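Overview (structure and organization)
Spelled out from the first residue to the last, the chains are:
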Amino acid sequence: RVLPPYLTHTLVYSLIYTPHPKLPIMFASRAAVRHFVRRETSRCGIIRTFANLDQFNDFGKHVFTGKIADQYLAKHGGSGDMLKDPTWVKKHSDTVAMAVFDWAIEHGANVYCHWFQPMASSGVRHGLTGQVHNMMFKFDKNNEIVQDFKGKTLTKGETDGSSYPNGGLRSTHAAGGYIAVDTSSPIFLRGDTIFIPSVLVSFYGAALDEKTPLLRANAAIDRHGSRLLKHLGLNTDHGIQTNIGLEQEIFFVSRDQYYRRPDLQLTGRTLIGKSAPRGQEMSDHYMAPLSSATAALACMQDIQDECWRIGIPLKTRHREVAPNQFEFAPLYGTNTTQIDQNIMVMQIIEEVAAKYGLAALLQEKPFDDVNGSGKHNNWSIATRDGVNVLDPDDLAKASGNDFAFPIIMAAIISAVDEHGDLMRMSISSPGNDFRLGACEAPPAIVSTYLGKDMSDYIEAFMNGSAGKYNPTKKLIDLGTFEVIPFEVPAEDRNRTSPFPYGGARFEFRAVGSSQNPSMVNTVLNTIAAEKFAEFADRIEAGEDAVEIARSTLKKHWKVVFNGDNYDEENQKMLTERGLWRIDSGVEAIARLTHDKNIALFEKMGVMTKDECTARQDILHEHYTGTVVMEALCMIDLLNQHIVPDVKEAGIGPLAELETFAPKLKTALAEIAKEKDSYKKAQMARVLRLETMIEIREVCDEAEEVVPAKIWSLATYKELLFLDSHTSQTAMDPMENDDYSI
């Protein structure tokens, strides 16, 4: 593996400025070089040396698009423009395959895979994807190597789909899963393998993956959004798309301590654990310096370096609120590309962390009493010519219509009000059970925040105003000479709102950190597409667009709320107002097959009734399976750690603890007897949020009194504080390398 550029510069710096007694000795292996550089980095306290752009020279080098694709396609009589037309899979597949083959071989890859996204993967499947690796060669009768990668190899494949969740969409005796290339997302290379983004469907075309419904929803919003915009004065010759940015929150913990927590290893969260004397109450971790005293910063740099190579613009990194919690954020992009990149980022995070003696926790709530992790989904709509439909000035200028923006906003506001149940369904990952409504995530009441200026403007439009949006320019003067007066934006940030508007986008804040965000964006695109279609239909029937928007806003204005969503009085008020409130993720999932929602998905061509029913069953089974794993793990914790530790200490609630394992086994047996997936999930939720929480409280009481030298599980003190419990040298990623000098 080639050293990251910043480490190369560190090595050069060490050789020139820091004489070392072993300089004349030749390195016997790459591992030796890596070990030397890491040791020097740690010894000198250097993370980066001089500011330079060399590290970005390889950005996107391992993505088959743009100049890279053009260079290799030209050798075979083609050009990069071929890839802009999805019909290349029919017209030019052999040309593209030859170019991809050359590119792969020149970059050390000789394996390919179709890379797809099975359902119900969050929290359990590493990388959230499915893939089968095949060599790009074969051997002829003379044992000579022959290329075995052609157009038909590249563009489609078949896999055994029998063991992927399918919800009854295919039978075991009809096990084929059929793969086709998703041309909206580029082929990329990592290590010795090229990855071909693909969809997975049954023999009859039913979606067996997360991506197929998203692509259909993209088509729906393109079709109906373009219709509406044309009526508003903007011809979208190249159509529209939704762009997203996905912020990824994670925890890093010492891998040594991680191995002392079977619950973290097997379920991704701590099922028991007394809070440490220190938590996040001082907000001291939030955006604090990324310390070079631990492995976290070097690990994050290495993650960014890997991502840059495969064209993922992972621009931002920082500490988050909870101890050991961090965040990465990329630049915007089209939704399919961003989702593909996000799930690869999650995989890279887990793999790189291990090299640095860390374990990356992607689950929504790995620790009690501190913030959980989310994946904020920033969502906007734009024409493919670059007009941001959610930017009032941009849209007014492009369309010549000052009313175009409030009409678009009316459609989106009504979609949120009418289909808030689907928005809640889309974020019903098992980990969000413990996260929603706490201080780190919005409650399960679906509203939207517009900010004062935008709310005043839209409300004035609703009541008949013909004015233009002119946000106030707020000037802050600190009364100092050194800091001159500066302006702040009209829209503040409301982190308590599940779907706030600001910066020409909506931010869906409640998405879980372990989720594949495809369903989230499928829902957003579908509900917006339906309203765009409704508005376009009514305009085409002779109604006035402005009057349609005004009457729609009056009907749905209740969903706009700019206040504190954490406040219990406000939550009561919003509930009484009639907003969607579904506290249980299990019940939210059940909304997928409600008549209005099946009708919505079928009308927009996104999912059939059978696909909705199958997906609901799969999500309920995924929830139940998650809880069953947690309950079985808790039984092991009780039998193998907690009860023996209390016995050895001779102190603690031993008699009560000994009753818990049989109690859990009885509950699991009852769940196993139930055949209906919805009822099983309801029973699992009671076990998880009532029985297991009661058991946890007693276990935490035991931890409080058992001496530390006897307690055999890693504690929150040992897990949550890298800065005070670890060092970079103790977590040297090269320590286990086979090296010699």
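Each value, and the rule that gives it
- Residues numbered from 1 in each chain as written.
- Predicted model: local features only at pLDDT ≥ 70, side-chain atom pairs only at ≥ 80, totals over all residues.
- Heavy atoms only, no water.
- Pairing = 2+ DSSP bridges.
- Helix = DSSP H or I, 4+ residues; strand = E, 2+ residues; numbered from the N terminus.
- Contact = heavy atoms within 4.5 Å.
- Axes fitted to C-alpha atoms, helices over the stretch in contact; angles between N-to-C directions.
- Parallel < 35°, antiparallel > 145°, perpendicular 65-115°, else oblique.
- Nonpolar A, V, L, I, M, F, W, Y, C, P; charged D, E, K, R; others polar.
- Core = buried A, V, L, I, M, F, W, Y, C linked by side-chain atoms within 4.5 Å.
- Buried < 20%, exposed > 50% of the residue type's maximum accessible area, 1.4 Å probe, protein only.
- Salt bridge = Lys/Arg side-chain N within 4 Å of Asp/Glu carboxyl O.
- pLDDT = per-residue confidence, 0-100.

Side note on the sheet that holds strand β16 (residues 377-383)
Sheet architecture is open: 4 strands sit in the order β14-β10-β16-β21, paired in antiparallel fashion. Two strands lie at the open edges of the sheet, namely β14 (333-334) and β21 (506-508), each paired on one side alone. As paired elements, strand β10 (residues 240-246) and β14 share 2 bridges and run antiparallel to each other. By the bridge assignment for β14, Ile-244 is matched with Gly-333. Lying on the sheet, helix α11 (residues 335-355) is in contact with β10 and β14; it crosses β10 at an angle near 25 degrees.

A word on the packing of helix α7 (residues 211-231) against α11
Put simply, α7 and α11 touch, their axes get as near as 11 Å, and they point 155 degrees apart. Between α7 and α11, the angle falls in the class roughly antiparallel. Across the interface between the two elements, Lys-211, Leu-214, Leu-215 and Asn-218 from α7 touch Asn-335, Thr-336, Ile-339 and Asp-340 from α11. Partitioned by chemical class, the residues of the contact of α7 with α11 number 3 nonpolar, 3 polar and 2 charged.

A short note on the sheet that holds strand β13 (residues 325-330)
Strands sit in the order β12-β13-β11-β15 across an open sheet of 4 strands; the sheet is antiparallel. The open sheet has two edge strands with one neighbour each: β12 (314-319) and β15 (358-361). Neighbour-to-neighbour, the strand axes of the sheet open up by a mean angle of 30 degrees, direction not taken into account. One ladder, built from 5 bridges, connects β12 with β13; its direction is antiparallel. Considered in β13, the bridge of Thr-316 is made with Ala-329. Docked against the sheet, helix α10 (residues 296-309) engages β11 (248-254), β12, β13 and β15, running at close to 165 degrees with respect to β12.

Side note on the nonpolar core
One finds Trp-379, Ile-408 and Ile-412 to be the most contacted residues of the largest nonpolar core, which totals 81 residues. Ala-295, Phe-328, Met-344 and Leu-362 belong to the second largest nonpolar core, which has 33 residues in total.

A short note on the environment of Ala-415
Its location among the elements puts Ala-415 in helix α13 (residues 404-418). Judged by relative accessible area, which is 1%, Ala-415 ranks as buried. On a C-alpha basis, the gap between Ala-415 and Phe-532 in space is 9.5 Å, while along the polypeptide they are 117 residues apart.

Observations regarding the pattern of salt bridges
Scanning the model with the defined rule gives 33 salt bridges in all. A salt bridge links Arg-550 to Glu-547; the shortest N-O distance between them is 3.4 Å. Here Arg-550 pairs with Glu-547, and both are found in helix α17 (residues 545-556), just 3 residues apart, close to one helical turn. You can call Arg-550 buried: its relative accessible area is 12%. With its nearest N and O atoms 2.9 Å apart, the salt bridge here joins Arg-688 to Glu-630. Here Arg-688 is found in helix α24 (residues 677-705), whereas its partner Glu-630 is found in helix α21 (residues 609-649), with 58 residues between them in sequence. Owing to a relative accessible area of 0%, Arg-688 belongs among the buried residues under this scheme. The exposure class of Glu-630 is buried, given its relative accessible area of 0%.

Details of the confidence of the model for the protein
Averaged over all residues, the pLDDT of the protein is 90; the fraction at 70 or higher stands at 90%. Low confidence marks residues 38-46, where pLDDT is under 50. Its contacts with residues over four positions away, or in another chain, come to 23 contacts.

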